[in-house]
Amino acid sequence: MAVNFPNSELIISAGRTSQFPSLPLPQAVFSGRSNVGKSSLINCLLGRKSLARVSSTPGKTVTVNFYGVDGKAVFVDLPGYGFARRPESEKRQWSALTDGFFTKNPNFNLVKLALQLVDLGVGPTADDMMMIDYLSRSRIPFAVVATKADKLGSTARAAALEKLRGVMLPEGTEIIPFSSKTGEGRDVLRRLLTEKLGIRN
């Protein structure tokens, strides 16, 4: 049976590793810096306007958000990183939660794909590269989602994509331009997710 993306729900916003749910479903992880557009991406993929809440203050809430997708998969939204004005206590909480997801996740073996978001106009930051390196070393399959692609003209966009391809990415890493405003990249990402998660689209 085809997966019905809009038939999705927030399972839990976990502020502690002990709150991570144990669910026997394949997981897709969404990672990126604060204000890169993770909530907008998730809403676009799921065909929902506000299931994932877009914060007016980037980095304000430090939680790992688990979304059930049609009872067939789980989307995991990691807290955004790299927000300079975040208090040190929240930075420590982010580190503990994110590290805990990869080390204390009861269903870590079910993580089938990570989507690493990079703002196409900004390019990969040092924090982005640290996460990409971690995903590579952990042998977690991942693709790079180049967000806010609609904000660049054709020349600047081509240059930004070329720059992104030039960073130290594992051979064959897929780079997918995406815009939550125009919907560019949504269908490509949906196909990738259904393929990697083993669910039908």
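Keep in mind that what you see is a predicted model, and the values were worked out from it rather than measured.

K.L.:
Describe helix H2 (residues 88-104), naming the residues involved and giving the relevant values.
P.N.:
With 17 residues, H2 ought to run about 24 Å at 1.5 Å a step, and its terminal C-alpha atoms sit 23 Å apart, in line with that. In the core, the buried residues of H2 are packed alongside strand S1 (8-14), strand S2 (27-31), strand S3 (64-69), strand S4 (73-77), strand S5 (111-119) and helix H3 (126-137).

K.L.:
Requested: an account of the nonpolar core, with residues and values cited.
P.N.:
One finds Phe66, Val76 and Phe101 to be the most contacted residues of the largest nonpolar core, which totals 33 residues. For this core, the secondary structure elements donating two or more residues are S3, S4, H2, S5, H3, strand S6 (142-147) and helix H4 (154-165). If you tally residues by element for this core, the top one is H2, at 4 residues. Core analysis: the next-biggest nonpolar cluster, separate from the first, contains 28 residues, Ala28, Ala52, Leu115 and Leu189 among them.

K.L.:
Let's hear about the environment of Lys181: which residues, and what values?
P.N.:
Residue placement: Lys181 occurs in the loop between strand S7 (175-177) and helix H5 (186-197). Overall, Lys181 belongs to the exposed group, its relative accessible area being 72%. Put simply, Lys181 and Ile11 are 170 residues apart on the chain and 26 Å apart in space, counted from C-alpha to C-alpha.

K.L.:
Pulling in residues and values, what's your account of the pairing of S4?
P.N.:
Counting buried residues in S4 gives 5 out of 5 residues, a clear majority hidden from the surface. Taken together, the 4 bridges between S2 and S4 define a ladder with parallel strand orientation. Bridge assignment links Val29 to a residue of S4, and that residue is Val76. The antiparallel pairing of S3 with S4 creates a hairpin that spans 3 residues between the two strands, and Asp70 there sits at a positive phi of about 55°.

Basis of the calculations
Residues numbered from 1 in each chain as written. Predicted model: local features only at pLDDT ≥ 70, side-chain atom pairs only at ≥ 80, totals over all residues. Heavy atoms only, no water. Helix = DSSP H or I, 4+ residues; strand = E, 2+ residues; numbered from the N terminus. Expected span 1.5 Å × (residues − 1). Contact = heavy atoms within 4.5 Å. Core = buried A, V, L, I, M, F, W, Y, C linked by side-chain atoms within 4.5 Å. Buried < 20%, exposed > 50% of the residue type's maximum accessible area, 1.4 Å probe, protein only. Pairing = 2+ DSSP bridges.

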